Amino acid sequence: MTVACSGNGGSSDGEGSQVEPELAQTSDPLILKARDLFKVIPLNTPKIDGVVSTPELVELGKTLFFEPRLSATHSISCASCHNPGLAGADNSPFSAGFHGARGGRNSPTVLNAVFNFTQFWDGRAKDLIEQAGGPLVNPVEMASPKAHVTEQLLALPGYATLFAAAFPGQKEPVTLQNAQIAIAAFEATLTTPNAPFDKYLRGEATALDGTQKAGLSLFIDKGCAACHGGTNLGGTMYQKFGVTGDPGPIYRPVNDKGRGGVTGNAAEDYFFKVPTLRNIELTAPYFHTGSEPDLKKTIDVMAKVQMGQTLSATEIDQIAAFLGSLTGDQPKVTVPKLPASDAKSPAPDK
């Protein structure tokens, strides 16, 4: 994978990136089987197509990510719903937005979102850049009109310097599009390498214990990996929620058509982007409805409605143990100092 700037841990190659450990040679059949289905999270920050990541761009993106004045009430930032200290989520079924309004879907983790093939549960954003603009103008979330975002940034004097450094050579760099690019560049750095499972994939057979290995075998053999594969163990496809059975209205409300609501194609009703399982132990509650706080119950439901199988308590425990091995190094994010307001800065919506 092409890298843009350094990530978490590892040794430096002298140019800001890190040396990616090679996969060790092994004859272990389970490791080899796993390598056919899953990929290691790289140590270095993945590159976003069309974006040249620089320290200045990432710093601007981080500042904007924590900037509550981009919301109409000056009280909600990207970090409000995607808290790096809460594994990039907020541990709430539905996040609080404009004047306390709640959306209809659980906020997915931003950690490792760069590895997803689309963004949002229904895939309505093609990439992180497009995704970054959605919550800013969503009337239930940050509720800022598009024109107001740029006006707000221009009215905070400190941002002129930050945008100029991040977009050198541009005559008028303070734009909504540039803000989205910067936020995306920062979000791309929020990866979680070095999970026990990554070490196992690299060839460290003792990185997983016996229960976790049994869970991995079940995860593959029962068919979970058919959808939850790749780097993110998910995020590579859409899948219908309820392939072999109706999950019921608590887990799958009838009025949320998922991908079908975006495309208007009834054949895609109740299809959703398969979520990542990375750091899954840290991101409860589960499902797009945020309606299940128990990981083991979630495993049970998924086995029944996606694969038509009933797992034993032991099998559920083993799969849960394997999923626990997907927790990697959490990003070390320092909360930035935000540019100061002055007398000319717009007041918040009351």
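Structure: above.
Residues numbered from 1 in each chain as written. Predicted model: local features only at pLDDT ≥ 70, side-chain atom pairs only at ≥ 80, totals over all residues. Heavy atoms only, no water.

Student: Give me the lowdown on the overall build of the protein, citing residues and values where you can.
Tutor: Within the protein, the secondary structure is distributed over 12 helices and 4 strands. Its C-alpha atoms give the protein a radius of gyration of 21 Å, within 12% of the compact-globule value 20 Å for 350 residues. Viewed in the frame of its principal axes, the protein has a C-alpha envelope of about 65 × 55 × 30 Å. Residue burial in the protein is summarised as follows: out of 350 residues, 52% are buried. Of all intrachain contacts in the protein linking residues separated by at least 6 positions in sequence, the fraction that spans at least 24 positions is 70%. Counting every atom, the protein has about 15400 Å² of accessible surface; 55% of that belongs to carbon and sulfur. (Helix = DSSP H or I, 4+ residues; strand = E, 2+ residues; numbered from the N terminus. Rg over C-alpha atoms; globule rule 2.2 N^0.38 Å. Buried < 20%, exposed > 50% of the residue type's maximum accessible area, 1.4 Å probe, protein only. Contact = heavy atoms within 4.5 Å. Areas by Shrake-Rupley, 256 points an atom, 1.4 Å probe, with all protein chains shown as cover.)

Student: Tell me about the packing of helix H1 (residues 29–37) against helix H9 (residues 210–221), and name the residues and values.
Tutor: With their axes 11 Å apart at the nearest point, H1 and H9 run at an angle of 45° to one another. What the angle tells us is that H1 and H9 run oblique. The handedness of the crossing between H1 and H9 comes out as left-handed. Contacts from Leu30, Lys33, Ala34 and Leu37 in H1 reach Lys213, Leu216, Ser217, Ile220 and Asp221 in H9. (Axes fitted to C-alpha atoms, helices over the stretch in contact; angles between N-to-C directions. Parallel < 35°, antiparallel > 145°, perpendicular 65-115°, else oblique. Left-handed = near helix turned anticlockwise from the far one by under 90°.)

Student: Give a description of the environment of Phe322 that names residues and reports values.
Tutor: The topology assignment puts Phe322 in helix H12 (residues 313–324). With a relative accessible area of 0%, Phe322 lands in the buried category. Residues Phe322 and Lys213 lie 109 residues apart in sequence; the distance between their C-alpha atoms is 6.8 Å. Those residues in contact with Phe322, other than ones at most four positions away along the chain, are Phe197, Gln212, Gly215, Leu216, Phe219 and Leu233.

Student: Would you mind going over H9 in detail, with residue names and values included?
Tutor: Relative to the 16 Å expected for 12 residues at 1.5 Å per residue, H9 spans 16 Å between its end C-alpha atoms, a close match to the ideal helical length. Regarding H9, the residues found buried are Gln212, Gly215, Leu216, Leu218, Phe219 and Ile220. Of the surrounding secondary structure, the elements contacted by the buried residues of H9 are H1, helix H8 (196–201) and H12. Of the residues that open H9, the one with a side-chain oxygen 3.1 Å from the backbone nitrogen of Thr211 is Asp209. Just beyond H9, the residue with positive phi is Gly223, at close to 105°. (Expected span 1.5 Å × (residues − 1). Polar contact = N/O pair within 3.5 Å; in protein donor to acceptor, adjacent residues only side chain to side chain.)

Student: Describe the packing of aromatic side chains, naming the residues involved and giving the relevant values.
Tutor: Per the stated rule, a full pass over the model turns up 11 aromatic pairs. Here the aromatic residues Phe38, Phe197, Phe219 and Phe322 are joined through ring pairs into a cluster of three or more. Taking the ring centre of Phe120 as reference, the NZ or CZ of Arg124 above it sits at 3.8 Å. Taking the ring centre of Tyr270 as reference, the NZ or CZ of Arg252 above it sits at 4.1 Å. (Phe/Tyr/Trp six-rings, centres within 6.5 Å; stacked < 30°, edge-to-face > 60°. Lys NZ or Arg CZ within 6 Å of the ring centre and 35° of its normal.)

Student: How would you explain the nonpolar core if you had to name every residue and give the values?
Tutor: Membership of the largest hydrophobic core comes to 40 residues, with the highest contact counts inside it found for Ile48, Leu57, Leu60, Leu64, Phe65, Leu153 and Phe163. With 8 residues, helix H7 (residues 176–187) is the largest single contributor of residues to this core. Setting aside anything within four residues of it in sequence, one finds Phe163 in contact with Leu60, Leu64, Leu153, Pro173, Val174, Thr175, Asn178 and Ala179. (Core = buried A, V, L, I, M, F, W, Y, C linked by side-chain atoms within 4.5 Å.)

Without other data, these values stay purely geometric and don't point to any function.
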